[in-house]
Amino acid sequence: MEIVIKNGRVIDPKTGRDEIMDLLIVDDKIACIQAQISTDQREVIDANGMIVSPGFIDLHVHLREPGFEFKETIYTGSRACAKGGYTSVFCMPNTKPALDTKETLQALKERIQKDSVIGIYPVGAITQGIKGEVLTDHSELYLSGVKALSDDGRTTMNPDHMRKAFEASKKLNIPVMTHSEDHDLTERLKGEIYPPKAEYEIVYRDINLCAEVGGKLHVSHVSTKEAANAINEARTNHVKVTCEVAPHHFALSDKNVDMTSTLSKVNPPIRSEEDRKAMIAAIKLGWVDAIATDHAPHEASSKETNYENASFGISGIETAFGVSYQTLVIDENIPLIKVLSLLTYQPAQIGGLENEGVIEAGYYANLVILDLESKWQVISNQFISKGKNTPFEGMQLQGEVVRTIYRGKTVYER
Ligand code: DOR
């Protein structure tokens, strides 16, 4: 199968390419990028006036299988990701059972093979059941295909367990992705908005452990200025640390969101305007390595309760590009190529995806076509995701995904 994407503005963050070009796809790969490619005997996709970018890569989603299929499935989640412009995502292990044995991972891989329209990379648990008590067999999980280790949803509080995780990271050359939350503190604050300290004290600890043991630390969903500063400082001291920021943490704050609404309840919480601005500044300074959604779909009833009892999380995969383009490019004047880099090439590097995140001959034809002029409104009832839980409801955004192509096949079209 040969497809020509005609006249799109091809942006490739790795090489810095930003020009109107044609792109030829042969089977599942990019064959060439040229000013004029013959459309003879080929399917044509007209991208006139549109951006052609590498497909987005999300290092942090919750797809809920196995065990929480009433919140999301691989079938619905992968299609929601495709609608968001994503061609590869890393799914977190806080499922039931957790992604903590080769058997569970094997069953999930079979489900992905059967039901997913995009690439899904499971993240293996650091401890059994994500309980923080007994370590999993990290080498066995690696051999089952995991590209990262995490207890996401929880912090691995035992520092000795974290040392073992960093030892595995060093040996296997995969990152440890950390959820930073001091549970000793937050357990006493049930129903309250967790303070910045609950995050940054754990970030400090993990940076120190990574510096001591080696391996690679990837700090998930950074939300405080103290954490961002510490990560930058560690990096200048040659600690192998990277980090991601979620759209809700750079777009929302106590200034524009009802902090008592269960729809804005997320962990880590939406912060002060000062912290939101610090996330924007960190992106501008190049301290942030990836935009990751922490897509956390929940059934309606788990949010239709009081704040204390509501689930943490935002269904964010379908709003990520609009929120990022509106907030970072339009409102904050950050160059588009930089934002696309945080959505594509940089997360590919962190996640070890060698054939993705780049528009060059030989790479997988994982692409997204974007309409930057399109203005649209967030209406959660139109989400493909089972999770309609969004604090962005009703918001006007600019920048829309019009087509997503995974390995040469269109998996979403507006
Ligand atoms: O808000 C959150 N939701 N934060 C997490 O760390 C976990 C996630 C979930 O699994 O729902």
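This text goes with the structure placed above it.
Residues numbered from 1 in each chain as written. Predicted model: local features only at pLDDT ≥ 70, side-chain atom pairs only at ≥ 80, totals over all residues. Heavy atoms only, no water.

Asker: So, the overall build of the protein: which residues are in play, and what are the values?
Answerer: Looking only at helices and strands, one finds 12 helices and 17 strands in the protein. On C-alpha atoms alone, the protein measures out to a radius of gyration of 20 Å, which is about the 22 Å that the 2.2 N^0.38 rule sets for 414 residues. The C-alpha extent of the protein, read off along each of the three principal axes, is 65 × 45 × 45 Å. For the protein, the proportion of its 414 residues judged to be buried stands at 62%. Look at the contacts in the protein between residues 6 or more apart in sequence, and 75% of them connect residues 24 or more apart. Looking at the protein as shown, the accessible area adds up to about 16000 Å², and 47% of this sits on carbon and sulfur atoms. Considering the protein, the positive charge centre built from 45 side chains and the negative charge centre built from 58 side chains are found 1 Å apart. (Helix = DSSP H or I, 4+ residues; strand = E, 2+ residues; numbered from the N terminus. Rg over C-alpha atoms; globule rule 2.2 N^0.38 Å. Buried < 20%, exposed > 50% of the residue type's maximum accessible area, 1.4 Å probe, protein only. Contact = heavy atoms within 4.5 Å. Areas by Shrake-Rupley, 256 points an atom, 1.4 Å probe, with all protein chains shown as cover. Lys, Arg positive; Asp, Glu negative; His and termini not counted. Charge placed at Lys NZ, Arg CZ, Asp CG, Glu CD.)

Asker: Let's hear about the packing of helix α10 (residues 320–331) against helix α11 (residues 336–343): which residues, and what values?
Answerer: Two elements in contact, α10 and α11, have axes whose closest approach is 10 Å; the angle formed by their N-to-C orientations is 145°. Like other packed secondary-structure pairs, α10 and α11 cross with a definite hand, here right-handed. Counting all contacts with α10, which are made through F321, S324, Y325, L328 and V329, the residues of α11 involved are L336, V339, L340 and L343. A per-class count over the contact of α10 with α11 returns 8 nonpolar, 1 polar and no charged. (Axes fitted to C-alpha atoms, helices over the stretch in contact; angles between N-to-C directions. Left-handed = near helix turned anticlockwise from the far one by under 90°. Nonpolar A, V, L, I, M, F, W, Y, C, P; charged D, E, K, R; others polar.)

Asker: Describe the side chain of H161, listing the residues and the values that go with them.
Answerer: Considering the arrangement of structural elements, one finds H161 in helix α4 (residues 159–172). Beyond its immediate stretch of four places on either side in the chain, H161 contacts I126, T127, G132, E133, V134, L135 and T156.

Asker: A description of the site of the ligand should follow, citing residues and the corresponding values.
Answerer: The full set of residues close to the ligand is H62, R64, N94, G153, H179, V266, N267, D294, A296, H298, F312 and G313. The side chain of H62 places a nitrogen or oxygen atom 3.4 Å from an oxygen atom of the ligand. In isolation the ligand has 290 Å² of accessible area, and contact with the protein removes 93% of it. Grouping the amino acids of the shell around the ligand by side-chain chemistry returns 3 nonpolar, 7 polar and 2 charged. (Near = heavy atom within 4 Å. Polar contact = N/O pair within 3.5 Å; in protein donor to acceptor, adjacent residues only side chain to side chain.)

Asker: Lay out helix α9 (residues 273–284) with the relevant residues and their values.
Answerer: Over its 12 residues, α9 runs 17 Å from end to end, which matches the ideal 16 Å to within 8%, given 1.5 Å per residue. Every buried residue of α9 is listed here: E273, D275, R276, A278, M279, I280, A282 and I283. The elements touched by buried residues of α9 are α6 (196–213), α7 (225–236), β13 (241–245), α8 (247–251), α10 and α11. Where α9 terminates, the next one or two residues include G286, which has phi positive at roughly 80°. (Expected span 1.5 Å × (residues − 1).)

Asker: Would you mind going over the sheet that holds strand β7 (residues 86–91) in detail, with residue names and values included?
Answerer: Sheet architecture is open: 3 strands sit in the order β6-β7-β8, paired in parallel fashion. Strands with a single pairing partner mark the edges of an open sheet, and in this sheet they are β6 (56–61) and β8 (119–122). Each strand axis lies, on average, 15° off the axis of its neighbour in the sheet, ignoring direction. Across 4 bridges, β6 lies against β7 in parallel orientation. Within the sheet, the bridge partner assigned to V61 lies in β7 and is C91. (Pairing = 2+ DSSP bridges.)

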